[in-house]
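Given next are the chains, with one letter for each unit.
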Amino acid sequence: ITPRGASGVETQGLSGACPWFPWAIASINSVSFRTGDMASAKATAALALCAVVTRVLLAFFGWHDVLSSRVELTSPVDSIRRLKEGTALVALRMSPYHGSVVHAPPLVLFLLAPVLDYAEGMNNASVKAIVTIAPFLLADLFAAAALFSLAKRFDASLVVKRKDLDTKETLVQTSNPALVQKTNPALCVSLYLANPMTIASCVAGSSAGLGTACVVTACAAAAGGDPVIAGACCAGAAYLTGAPGVLLLYPIASLAAGNGIAKTTLEVSAGGSAVGGRESSGTPNKRFLATLVSFAVTCSILVPLSTAAFSEVGTTTTQWLTGTYIFTFRVADLTPNLGIYWYMFAELFPHFRGLFRCAFHGFAAFLCAPLFVRHAKRKPLLCVTVTMAVTTILGPYPTLGQVGGYLCLVPLGAVTSSQNSQNFLVAGVFVAVALLSPILWHLWIHARVANANFFFAVTLGHFAAQSFLVVGWLRSAAAKCGGGFIGEDGEGESKKKR
């Protein structure tokens, strides 16, 4: 572990910060999943402990200060440093949303302020860093628990569906075997907790993990047939992320309407109730409407609570709405990041910015609309994953923590891609971005021997890799819909016709 204050630490990549990541992931997988008699819950608990220890060690040895300054891990809307500035302004009896310092929602600042104030009073820098990242570490563990619950329901439904397939030889022969294999919940959790992106994001103090926890919890509640909790968690995601959370409402409501994972992703049993989740009362339409009503009621509660949080220092509803969601829409801060907005808007003439704001922000919704029409009812988890990916790719302030957030749903089987060469290319680009972005940033900002085009080339590669990944998912989903999946008259009927 590189000691605190070592020279050259700014120029090291994220993989350089944690050189033991490949060995750790391989060891965890071999220990937790190679032994068949080990319970899945015990394996997940052991893995959670390893993930917690890794995060704590990184913070203890001084990587919090290094990673919290990285533009790949933090942005103006989720930076821990801006939250610290906001708590200082509140202590001075000034509104944190007066000016352009804090852009996180008020309740996030209100809930984290006591922790940050307590950490600031500590003399030991290592302990101070550990206390600072504690809320984000708990958010990761909460997201992992929700992901485990979702994977357990997925696993139970696939087992029953595979038993049903034994009586239907035609469907067994024509369906993709990868889609009827058992899902290992511990493996799903491991790919999230041991993901270098989520580890680095947690140590950096990014609030991206809070949004991920809300989304995964909403999916788990919807899969369990609880539309009220699903709608409330979706409202929490919308409160934290803005428009991306709103776009997730329809697929999550569709997931809740199916009383469990929707058909063709997780089938319902012959009796009509979802396997793997508790039976929910009411018709699908009522569950869908219950999710929408819960979302609306939760949002109507969060708005006045946010205003009341800092009303003593003069914060108004208009002020914090302008400092959070309208700030994101306007793309007022052009600090370089892994997105493409900063470069495009820096090059645009001012009178064209309004047009491109509407075009850029509306493009994500434009891409999600046909996805919802085609797959929302049958494959809501696919819609949730792709929507999170699209809004991250086309967002004004993307971070690696957001990328790790939507990748945690991939092991559930919600998305698949049979193109191994493309997956290898995407993985290679992710590694290249982690290595090259800090180097080119140092050459541009500190050494002054490069320009913005060097760093923008890395962001374009990151943009293209994620785009290839999403296109591969959608191509595979379209092939399954055209070729048929469990319970659909697709591939078997088309082969009979041919």
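Since the model is a prediction, treat every value here as computed from it, not as a measurement. (Residues numbered from 1 in each chain as written. Predicted model: local features only at pLDDT ≥ 70, side-chain atom pairs only at ≥ 80, totals over all residues. Heavy atoms only, no water.)

J.: Could you clarify how one ought to interpret the overall build of the protein in this entry?
T.: Helices and strands together make up the secondary structure of the protein, namely 23 helices and zero strands. For the protein, the computed accessible surface area is about 21,700 Å², with 65% contributed by carbon and sulfur atoms. (Helix = DSSP H or I, 4+ residues; strand = E, 2+ residues; numbered from the N terminus. Areas by Shrake-Rupley, 256 points an atom, 1.4 Å probe, with all protein chains shown as cover.)

J.: When you look at empty space enclosed by the protein in this model, what are you seeing that I'm missing?
T.: Once rolled over the atoms, a probe with the size of a water molecule shows which space is left empty. Throughout the structure, instances matching the rule amount to four cavities of 30 Å³ or more. Looking at the lining of the largest cavity, the elements with two or more residues in it are helix H7 (125–165), helix H10 (196–204), helix H11 (208–223) and helix H20 (400–407). In terms of residue class, the lining of the largest cavity is built from four nonpolar, seven polar and one charged. (1 Å grid on protein atoms, 1.4 Å probe; cavity = no way out; pocket = protein on both sides within 12 Å on 5 of 7 lines; lining within 4 Å. Points joined across faces, edges and corners; volume = space filled by probe spheres on them. Nonpolar A, V, L, I, M, F, W, Y, C, P; charged D, E, K, R; others polar.)

J.: Please explain the state of the cysteines as it appears in this structure.
T.: In a disulfide, the sulfur atoms of two cysteines are covalently bonded to one another. The final tally for this structure, using the stated rule, is zero disulfides. As a non-bridged cysteine, Cys299 has Cys234 as the owner of its nearest cysteine sulfur, 8.1 Å distant. (Disulfide = S-S within 2.5 Å.)

J.: What should I look at first to understand the nonpolar core in this one?
T.: Note on soluble globular proteins: their nonpolar side chains tend to be buried together. Judged by nonpolar contacts, the single largest core of 78 residues is most densely connected at Leu150, Cys219, Ile252, Val384, Leu409 and Leu412. Counting residues in each nonpolar core, the second largest holds 19 residues, with Ile80, Tyr97, Leu116 and Trp320 among its members. (Core = buried A, V, L, I, M, F, W, Y, C linked by side-chain atoms within 4.5 Å. Buried < 20%, exposed > 50% of the residue type's maximum accessible area, 1.4 Å probe, protein only.)

J.: Just to check I follow, could you spell out the pattern of salt bridges for this structure?
T.: Opposite charge on two side chains makes pairing possible when the charged atoms of those side chains draw close. In the structure shown here, the tally under the stated rule is four salt bridges. With a closest N to O distance of 3.0 Å, Glu72 and Arg70 form a salt bridge. Comparing Glu72 with Arg70 shows no difference in burial state: the two are buried. A salt bridge links Arg82 to Asp333, with the shortest nitrogen-to-oxygen separation between them at 3.0 Å. (Salt bridge = Lys/Arg side-chain N within 4 Å of Asp/Glu carboxyl O.)

J.: Sorry if this is basic, but what is going on with the side chain of Thr315 here?
T.: Tracing the backbone through its elements, the reader meets Thr315 in the loop between helix H15 (284–309) and helix H16 (317–330). At a separation of 2.8 Å, a polar atom in the side chain of Thr315 contacts the side chain of Ser95. Discounting residues that sit within four places of it in the chain, Thr315 has contacts with Ser95, Pro96, Tyr97, Thr307, Phe310 and Trp320. (Polar contact = N/O pair within 3.5 Å; in protein donor to acceptor, adjacent residues only side chain to side chain. Contact = heavy atoms within 4.5 Å.)

J.: Would you take a moment to explain the packing of helix H18 (residues 353–375) against helix H19 (residues 380–393) for this structure?
T.: Two numbers describe a pair of packed helices, the interaxial angle and the distance between the axes. Between H18 and H19, the shortest axis-to-axis distance is 10 Å and the interhelical angle comes to 170°. As judged from the angle between their axes, H18 and H19 are roughly antiparallel. Counting all contacts with H18, which are made through Ala364, Leu367, Cys368, Leu371, Phe372 and His375, the residues of H19 involved are Pro380, Leu382, Cys383, Val386, Thr387, Val390 and Thr391. Residues belonging to the contact of H18 with H19 are distributed by class as follows: ten nonpolar, three polar and no charged. (Axes fitted to C-alpha atoms, helices over the stretch in contact; angles between N-to-C directions. Parallel < 35°, antiparallel > 145°, perpendicular 65-115°, else oblique.)

J.: Can you walk me through H16 in this structure?
T.: Residues that lie three or four places apart on an α-helix share one face, since the helix turns once every 3.6 residues. Residue Gly323 marks the point of greatest curvature in H16, where the axis turns by about 40°. Restricting attention to buried positions, one finds in H16 the residues Gln319, Trp320, Gly323, Thr324 and Phe327. One or two steps after H16, the chain reaches Val331, where phi turns positive at roughly 55°. (Bend = angle between axes of the 7 residues up to and from the residue.)

J.: What's the story with a nonpolar patch on the surface in this structure? I'm lost.
T.: A cluster of nonpolar residues, Leu49, Val53, Leu57, Phe60 and Phe61, forms a patch on the protein surface that exposes about 420 Å² of accessible area. Mapped onto the elements of the fold, Leu49 is located in helix H3 (residues 40–60). The class of Leu49 is exposed, set by a relative accessible area of 55%. (Patch = residues over 30% accessible without salt bridge, like charges linked within 9 Å, V, L, I, M, F, W, Y side chains within 5 Å.)

J.: Please explain the side chain of Ser207 as it appears in this structure.
T.: Inspection of the secondary structure puts Ser207 in the loop between H10 and H11. Apart from the residues within four sequence positions on either side, Ser207 is in contact with Val77, Asp78 and Phe136.

J.: Which parts of the structure should I look at to understand unusual backbone geometry?
T.: Glycine aside, residues mostly have negative phi, and peptide bonds are mostly found in the trans state. The backbone of Val331 shows a phi angle near 55°, a positive value even though the residue is not glycine. Examined against the element boundaries, Val331 turns out to sit in the loop between H16 and helix H17 (341–347). For Arg448, which is not a glycine, the phi torsion comes out positive at approximately 60°. Relative to the helices and strands, Arg448 resides in the loop between helix H21 (420–446) and helix H22 (452–483). Residue classification places Arg448 among the exposed positions, given a relative accessible area of 69%.

J.: Would you take a moment to explain the confidence of the model for the protein for this structure?
T.: Close inspection of predicted coordinates is inappropriate in any region flagged by low pLDDT. Per-residue pLDDT for the protein averages 80, and the proportion of residues at 70 or more is 75%. Taken element by element, the protein is modelled with least confidence in helix H8 (residues 169–174), mean pLDDT 37, and with most confidence in helix H12 (residues 227–241), mean pLDDT 95. Below pLDDT 50 for its whole length, residues 163–181 participates in 19 contacts with residues either more than four positions away or in separate chains. Low confidence marks residues 260–280, where pLDDT is under 50. Its contacts with residues over four positions away, or in another chain, come to 62 contacts. (pLDDT = per-residue confidence, 0-100.)

J.: Honestly, the environment of Thr459 in this entry has me stumped. Any pointers?
T.: Structurally, Thr459 is set in helix H22. By relative accessible area, Thr459 is classed as buried at 0%. With 119 residues separating them along the chain, Thr459 and Ile340 place their C-alpha atoms 6.9 Å apart. When sequence neighbours within four positions are dropped, the list of residues in contact with Thr459 reads Asn337, Leu338, Gly339 and Trp342. There is a polar contact of 2.6 Å between the side chain of Thr459 and the backbone oxygen of Phe456.

J.: Even after reading the chapter, I still don't get H11, so can you show me in this structure?
T.: In a regular helix each residue adds 1.5 Å, so 16 residues correspond to 22 Å; H11 covers 23 Å between its end C-alpha atoms and thus fits that length. The buried fraction of H11 amounts to 14 of the 16 residues, a majority that puts the element mostly inside the structure. Just past H11, the residue Gly225 takes up positive phi, approximately 80°. (Expected span 1.5 Å × (residues − 1).)

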